[in-house]
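Breakdown of the fold
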Amino acid sequence: MSTDFADRSVLILGAGVTGKSVAKVLASKGARIALVDENIDAVVGFPVISLEEIDFAQWELLVLSPGWKASHPVLVSARKAGLEILNEVDIAWGFVKDHAPHQKWLAVTGTNGKTTTVEMVASMLRSGGHSAIACGNVGDTVIEAVVSSEKFDYLVLELSSFQLHWMREAKFEACAILNIAEDHIDWHGTFDSYAEAKISLLQSSQLAILNGDDGEVVVRSRAWHGRKVFYRLNAPAPGELGVVEELLVDRAFVMDPEEAQMIAELIDVKPSVPHNVSNALAAAGLAAAAGVSHAAIRSALQGFRTGRHRIELIAQVDGISWIDDSKATNPHAASASLASYLSVIWIAGGLAKGASMDELVKLSKGRIKVAILIGQDRKLISDALHKHAPSIPIFEIADGASDTLMERVVAMAKLHAISGDAVLLAPACASMDQFLSYADRGDRFADAVRKVIGNGK
């Protein structure tokens, strides 16, 4: 792929964060830019046209934002017109040799835990003396990070299945695949297509840190013959990372794999819930692959805290914990969240994105005391509960006014919660049917808790 964009006409699909970043960088390289977006006021400083106004004869290159499906009529027409179709990650990779030739890339993908893990890795790298930034599907776009004046030693990329679907050229020193479970079936069409997008990251990597507790990751990675380092939440075999008693241990990046060396203690990982310990092991593997010492990894873990809306304790009043895990936007994430508590008033619902709720309910029914359901696809969850756990009480909160929805939810939860219970917002669904984002959903829940319950942390 050429990195010479001078005087080339580039049409960018999508005027969101990625589209704006690409437009700014390519314009600085001399490209002639326009963006395609239904909101024609979306970008200041560049022409914005609607889908109906596109004349492909005027353009040489098409750059797409990650969420555009291959079957979209605009992409079908662009191919027929002979346009070269590029994506932001590959364009950014092409600029590395000119902007930061010493720079190395690490990557993380998975259905859940990506953001926490890339942020852990970046923290560990910095603890080890490297300049590093988490980017991609979190924080800065990749292209912004590459052209940054800071000239980072490492970029740690969070990559979604959408980004991986389009990526062809980028290369990674090492990658981590955290888990693969149903998500974004509405976009990919089938679970197999979604899973293959995730596992395709292996083809771009020299070394892979893989979740040995995840059957899909284990099975789908078998055909790849690069170096694999598995991690697991129990004792590791030689060449693996794992947990022994109260310790995270390394038998992969050590002189003698027959002897386990301590990376950190479980109490260094906060919160020390199973899926977050798993994230910490994956991050430690990537950091160790980059040469970071166990001491530096442990120091980073001790100072690391997960982001907001990820198992976030909002209040603890009268022995009841009120937990915001609004980031649990699919069944796999919600299952991990529910597994962290013994008796749960579960708040769930929203946009299911084509996912089934059956397995989630079967795995978690022993921990769910009451289910409070909201959102467009709440019936999917209700049906799964009736089928697999008919004794669990279900309360559906009608949509009504969005500004009071969470107050009604919290008031309902208060009626049923007793000391020892966790009231857990782990929706298993996306948020855009009722809220601006998962963060908006979590903020509204937290505000409602403080208003109805008070802040008793």
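Residues numbered from 1 in each chain as written. Predicted model: local features only at pLDDT ≥ 70, side-chain atom pairs only at ≥ 80, totals over all residues. Heavy atoms only, no water.

Attention now goes to the nonpolar core. The biggest cluster of nonpolar side chains holds 48 residues, and the ones touching the most others in it are Leu26, Trp105 and Leu155. The element that contributes the greatest number of residues to this core is helix 3 (residues 88-99), accounting for five residues. By size, the runner-up hydrophobic cluster in this structure holds 44 residues, among which are Val118, Met120, Val229 and Ala264. (Core = buried A, V, L, I, M, F, W, Y, C linked by side-chain atoms within 4.5 Å. Buried < 20%, exposed > 50% of the residue type's maximum accessible area, 1.4 Å probe, protein only. Helix = DSSP H or I, 4+ residues; strand = E, 2+ residues; numbered from the N terminus.)

We now examine the side chain of Arg310. With respect to the secondary-structure elements, Arg310 resides in the loop between helix 11 (294-303) and strand 15 (312-317). It is Glu119 that comes nearest to the buried, bridge-free Arg310 among opposite-charge side chains, at 5.6 Å. A distance of 3.1 Å separates a polar atom in the side chain of Arg310 from the backbone oxygen of Arg308. Residues in contact with Arg310, not counting those within four places in the same chain, are Thr115, Thr116, Asp324, Asp325, Lys327 and Tyr438. (Lys, Arg positive; Asp, Glu negative; His and termini not counted. Salt bridge = Lys/Arg side-chain N within 4 Å of Asp/Glu carboxyl O. Polar contact = N/O pair within 3.5 Å; in protein donor to acceptor, adjacent residues only side chain to side chain. Contact = heavy atoms within 4.5 Å.)

Our focus in this paragraph is the sheet that holds strand 3 (residues 48-49). Spatial ordering of the open sheet is given by 3-2-1-4-5, a layout of five strands whose pairing is parallel. Of all strands in the sheet, those bounded by a partner on one side alone are strand 3 and strand 5 (84-87). Pairing analysis gives five bridges linking strand 1 (residues 9-13) to strand 2 (residues 32-36), with the strands arranged parallel. Across the sheet, Ser9 pairs through a bridge with Arg32, a residue of strand 2. Here helix 1 (residues 17-28) sits on the sheet and contacts strand 1, strand 2 and strand 4 (61-64); the angle it forms with strand 2, its principal contact strand, is near 170°. (Pairing = 2+ DSSP bridges. Axes fitted to C-alpha atoms, helices over the stretch in contact; angles between N-to-C directions.)

What the six strands build is an open sheet, ordered 15-16-20-17-18-19; its pairing is mixed. With one partner strand each, in any of the chains shown, strand 15 and strand 19 (394-396) form the two edges of the open sheet. The sheet shows a mean angle of 15° between the axes of neighbouring strands, direction not considered. Taken together, the three bridges between strand 18 (residues 368-373) and strand 19 define a ladder with parallel strand orientation. Its bridge partner lying in strand 19, Ala371 is registered against Ile394.

Attention shifts here to the side chain of His99. Structurally, the position occupied by His99 is in helix 3. At 2.6 Å, the side chain of His99 and the side chain of Lys29 are in polar contact. Contacts of His99, omitting those with residues within four sequence positions, involve Lys29, Val146, Val147 and Lys151.

Attention now moves to the environment of Asp7. Tracing the backbone shows Asp7 in the segment before strand 1. In sequence terms Asp7 and Glu182 are 175 residues apart; their C-alpha atoms lie 43 Å from each other.

Tracing the sequence through the fold places His225 in the loop between helix 9 (215-220) and strand 11 (227-231). Residue His225 is classed as exposed on the basis of its relative accessible area, which comes to 75%. As for His225 and Ile372, which are separated by 147 residues in sequence, their C-alpha atoms are 46 Å apart. At 3.4 Å, the side chain of His225 and the backbone oxygen of Ala223 are in polar contact.

On to helix 10 (residues 274-289), then. In an α-helix there are 3.6 residues to a turn, and that puts residues three or four apart on one side. Given a rise of 1.5 Å per residue, 16 residues ought to cover 22 Å, and the 23 Å separating the end C-alpha atoms of helix 10 matches this to within 8%. Across the 16 residues that make up helix 10, a large majority, 13, are buried. In the stretch just after helix 10, Gly291 is the one whose phi turns positive, near 90°. (Expected span 1.5 Å × (residues − 1).)

Here we take up the packing of helix 4 (residues 114-127) against helix 11. Two elements in contact, helix 4 and helix 11, have axes whose closest approach is 8 Å; the angle formed by their N-to-C orientations is 125°. Accordingly, the angle class assigned to the pair helix 4 and helix 11 is oblique. The handedness of the crossing between helix 4 and helix 11 comes out as right-handed. Counted together, Met120, Ser123, Met124 and Ser127 of helix 4 and Ala296, Ile297, Ser299, Ala300 and Leu301 of helix 11 form the full contact between these two elements. Partitioning the contact of helix 4 with helix 11 into residue classes produces six nonpolar, three polar and no charged. (Parallel < 35°, antiparallel > 145°, perpendicular 65-115°, else oblique. Left-handed = near helix turned anticlockwise from the far one by under 90°. Nonpolar A, V, L, I, M, F, W, Y, C, P; charged D, E, K, R; others polar.)

Shape is all these values report; function is a separate question.
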